[in-house]
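Descriptive analysis of the structure
Chain by chain, the residues:
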Amino acid sequence: MRLLLVYPGPLYSTIDLARGFHKAFQKIEDVKLFSFQFQKSLTYHDFAQKFIFAKDFNPETVTTSASEDILIRILKCRPDWVLFISGLAFPATTWEYVKQLQNDLKHPFKTAVFLTESPYVESWEKGILERVDMAFTTDYGIIDEYKQVNPNLHYIKHAYDPEIHYGTGHPRENEVFFIATGFPERQRLLEEVDWSGIDLQLYGNWMYMTDKSPLFPYLKGENLQNVEAAEKYRNAKIALNIFRTVQWPDDNPKFIEPSKAKSLSPRIYEAMACGSLLFTDWREELDTLPKDSYVLWGDARDLEEKVRYYLSHDAEREGRALAGQKAVEGHTFDARAREILARLKE
């Protein structure tokens, strides 16, 4: 099979999924893999248009012109399948051009998308579903609704990269690590916890935090590359997870229906694979993991009490962390790539 893997565009988060799948598909003998590195096209067109147009520069034209580079890539690679990771950064016009190219070429190809943001951006993802031959989503709670748009939809769990996410068995110098987008509900919850005497390390885009927040002293940096985050997990005794509950915060935030958000996030697999003890709130898919492989908390007070308990009980903490590592064994990009390939061959 000739497979064209399309990178998502952003330089964080979703690009890690593309990199993981890239390495995984390269290992499969009957796959001839090509890639379209969308982030590189965006960088090139951004530089070129700023240089050429200067004062008349329009950022929207960067995305449009960069995304249209995929049409040339398809013509050069002659793929059987084009697999988009996320696809959210591609304008609707480019999706239409791809569809036109499908109809015009003598060597036909099919399109698939690996949706990474379900169920947080339903309307955008539904727009993509209308334009592809097959789709994969990482949350099974949205399956029934999305299948009304595209019946050829399948659930694929998130994964980790064992070359990046692994434990060392070395002593862990740091106590609590959390990297995330600082949505208001996450910030409010953490502000209700008394972190005095606890080495909390926050990273990510905490766009609503000011120096007046009690969390501000614990904010150590912004986004990290995945390899850097993995190193933080390896050095942390506890890895914190707070599941997202809003589609996007604004004056009237729309909260996600609990029935649509059931699956685990990449953070779960990555943190546990690195041997850090996972502290998390509840989602349905957690029930597929052994209950002694993570720590479930319910509110701010419960979180604080359990953090302090496990930081002072090393043997119990390390035993649960080891159980967590074992629980996620096999949940790799290699396994997920084989699942996807089997679907593409159907």
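The paragraphs below set out a description of the structure included in this document. (Residues numbered from 1 in each chain as written. Predicted model: local features only at pLDDT ≥ 70, side-chain atom pairs only at ≥ 80, totals over all residues. Heavy atoms only, no water.)

**Considerations on the packing of helix H11 (residues 300–311) against helix H12 (residues 314–327)**
Stated precisely, the cut-off is as follows: In this analysis an axis means a line fitted to C-alpha atoms, helices contributing only their contacting stretch, and an angle means the value between N-to-C directions, from 0 to 180 degrees. Elements are defined by DSSP. Helices are runs of H or I of four residues or more, strands are runs of E of two residues or more, and each kind is numbered from the N terminus. Any angle that is under 35 degrees is reported as roughly parallel, and any over 145 degrees as roughly antiparallel; angles of 65 to 115 degrees are reported as roughly perpendicular and all others as oblique. Residues are treated as being in contact if the distance between any of their heavy atoms lies within 4.5 Å. Ten residue types, Ala, Val, Leu, Ile, Met, Phe, Trp, Tyr, Cys and Pro, are classed as nonpolar, four, Asp, Glu, Lys and Arg, as charged, and the remainder, Gly among them, as polar.
Remark: H11 packs on H12, axes separated minimally by 6 Å, with the N-to-C direction vectors making an angle of 105 degrees. The angle between the axes of H11 and H12 places the two elements in the roughly perpendicular class. Only Asp314, Glu316, Arg317 and Arg320 of H12 make contact with H11, whose side of the interface consists of Tyr309, Tyr310 and Leu311. Taken together, the residues of the contact of H11 with H12 break down into 3 nonpolar, no polar and 4 charged.

**Re the pattern of salt bridges**
Pairing between side chains of opposite charge can happen when the charged atoms of each approach one another. Note the threshold: When a carboxyl oxygen of Asp or Glu is within 4 Å of a side-chain nitrogen of Lys or Arg, the pair counts as a salt bridge. Here's how the labels work: a residue is buried when its accessible area is under 20% of the maximum for its type, exposed when over 50%, partly exposed in between, all with a 1.4 Å probe on protein chains only.
With the rule as written, the count across this model stands at 21 salt bridges. For Glu122, the salt bridge goes to Lys126, with nearest N and O atoms at 3.8 Å. With Glu122 and Lys126 both in helix H6 (residues 122–129) and 4 residues apart, the pair spans about one turn of that helix. The partner of Lys260 in a salt bridge is Glu145, and the shortest N-O contact between them spans 2.8 Å. Separated by 115 residues along the polypeptide, Lys260 in the loop between strand S10 (236–241) and helix H10 (266–273) and Glu145 in helix H7 (residues 143–147) bring together distant segments of the chain. Here Lys260 falls in the buried class, since its relative accessible area comes to 11%. What you see here is one network of salt bridges that share partners, running through Glu122, Lys126, Glu145, Glu257 and Lys260.

**With respect to the sheet that holds strand S6 (residues 153–155)**
This is how the line gets drawn: One bridge is not enough; two strands pair if DSSP finds at least two bridges between them.
In space, the 6 strands of this open sheet follow the order S2-S1-S3-S4-S5-S6, with parallel pairing throughout. Every interior strand has two partners, whereas the edge strands, strand S2 (32–36) and S6, have only one. Across this sheet, the average inter-strand angle for adjacent strands is 20 degrees, counted without regard to direction. One ladder, built from 4 bridges, connects strand S4 (residues 110–115) with strand S5 (residues 134–137); its direction is parallel. What sits directly across from Val113, in S5, is Ala135.

**Notes on H6**
What H6 keeps buried is the set Glu122, Glu125, Gly127, Ile128 and Leu129. Those residues of H6 that are buried lie in contact with helix H5 (92–104), S4, S5, H7 and S6.

**What to know about the packing of aromatic side chains**
Selection criterion: Note on ring pairs: Phe, Tyr and Trp rings are taken, using the six-membered ring of Trp, and paired if centres are within 6.5 Å. Classes follow the plane angle, with under 30 degrees stacked, over 60 edge-to-face and the rest tilted. Only Lys NZ and Arg CZ are tested; either one counts as a charge over a ring when it is within 6 Å of the ring centre and within 35 degrees of the ring normal.
By the definition in use, this model includes 14 aromatic pairs. Ring pairs connect the aromatic residues Phe36, Phe38, Phe84, Phe90 and Trp95, which therefore count as one cluster. One Lys or Arg, Arg234, reaches over the ring of Tyr166 and ends 4.1 Å from the middle of that ring. Over the ring of Tyr120 we find Arg244, and its NZ or CZ is 4.3 Å from the ring centre.

**Things to note about the sheet that holds strand S9 (residues 219–221)**
Sheets are built from strands paired through backbone hydrogen bonds, the pairs being either parallel or antiparallel. What the 6 strands build is an open sheet, ordered S9-S8-S7-S10-S11-S12; its pairing is parallel. Since the sheet does not close on itself, it has two edges, and those belong to S9 and strand S12 (295–296), each with one partner. Here strand S11 (residues 277–280) pairs with S12 via 2 bridges, running parallel. Residue pairing across strands places Thr280 opposite Leu296, the latter belonging to S12. Strands strand S7 (174–179), S10, S11 and S12 of the sheet are contacted by H11, whose axis makes an angle of about 165 degrees with S11. Across the face of the sheet, H12 comes into contact with S10, S11 and S12 while running at roughly 90 degrees to S11.

**Focus: the pairing of strand S8 (residues 200–203)**
The line we're drawing: Note on handedness: a clockwise path from strand one over the helix to strand two, with the strands aimed away from the viewer, defines a right-handed crossover.
Neither face of S8 is open: one carries Leu200 and Leu202, the other Gln201 and Tyr203, and all of them are buried. In this sheet, S8 lies alongside S7 in parallel orientation, the contact comprising 4 bridges. Bridge pairing links Ile179 to Tyr203 in S8. At this point the chain moves from S7, through helix H8 (residues 184–191), to the parallel S8, and the crossover so formed is right-handed. Bridge count between S8 and S9: 2 bridges; the pairing is parallel. Considered in S9, the bridge of Leu202 is made with Leu219.

**A few points about the nonpolar core**
Rules: What is meant by a nonpolar core is a set of buried Ala, Val, Leu, Ile, Met, Phe, Trp, Tyr and Cys residues, joined one to another through side-chain atoms within 4.5 Å.
One finds Leu4, Val6, Ile70, Ile74, Val82, Phe84 and Phe90 to be the most contacted residues of the largest nonpolar core, which totals 29 residues. By residue number, the principal contributor to this core is helix H4 (residues 69–77), which donates 4 residues. Ignoring any residue separated from it by four or fewer positions in sequence, one finds Phe90 in contact with Val6, Tyr7, Phe36, Phe38, Ser67, Ile70, Phe84 and Trp95. Listed in part, the 27 residues of the second largest apolar core include Leu189, Leu202, Met209 and Leu303.

**Re a nonpolar patch on the surface**
Going by this rule: Patch definition: residues above 30% relative accessible area lacking any salt bridge, with like charges linked at up to 9 Å and the nonpolar side chains Val, Leu, Ile, Met, Phe, Trp and Tyr linked at up to 5 Å. Each accessible area is a Shrake-Rupley result for a 1.4 Å probe, and residues are judged covered by the shown protein chains and nothing else.
A cluster of nonpolar residues, Phe47, Phe51 and Ile52, forms a patch on the protein surface that exposes about 420 Å² of accessible area. Relative to the helices and strands, Phe51 is located in helix H2 (residues 38–53).

**Topic: the side chain of Gln37**
Heads up, the condition is: Counted as a polar contact is a pair of N or O atoms within 3.5 Å, where, for protein atoms, one must be capable of donating a hydrogen and the other of accepting one, and residues adjacent in sequence contribute only when both atoms are in side chains.
Mapping Gln37 onto the fold places it in the loop between S2 and H2. A polar contact is formed between the side chain of Gln37 and the side chain of Gln39, at a distance of 2.6 Å. In this structure Gln37 touches Tyr7 and His22, once residues within four positions along its chain are discounted.

**What to know about the environment of Lys110**
Secondary-structure assignment places Lys110 in strand S4. With relative accessibility at 45%, the residue Lys110 sits in the partly exposed group. Placed 23 residues apart in sequence, Lys110 and Asp133 show a C-alpha to C-alpha distance of 6.1 Å. With residues up to four places along the chain from it excluded, the contact list for Lys110 reads Asp80, Trp81, Val82, Gln102 and Asp133.

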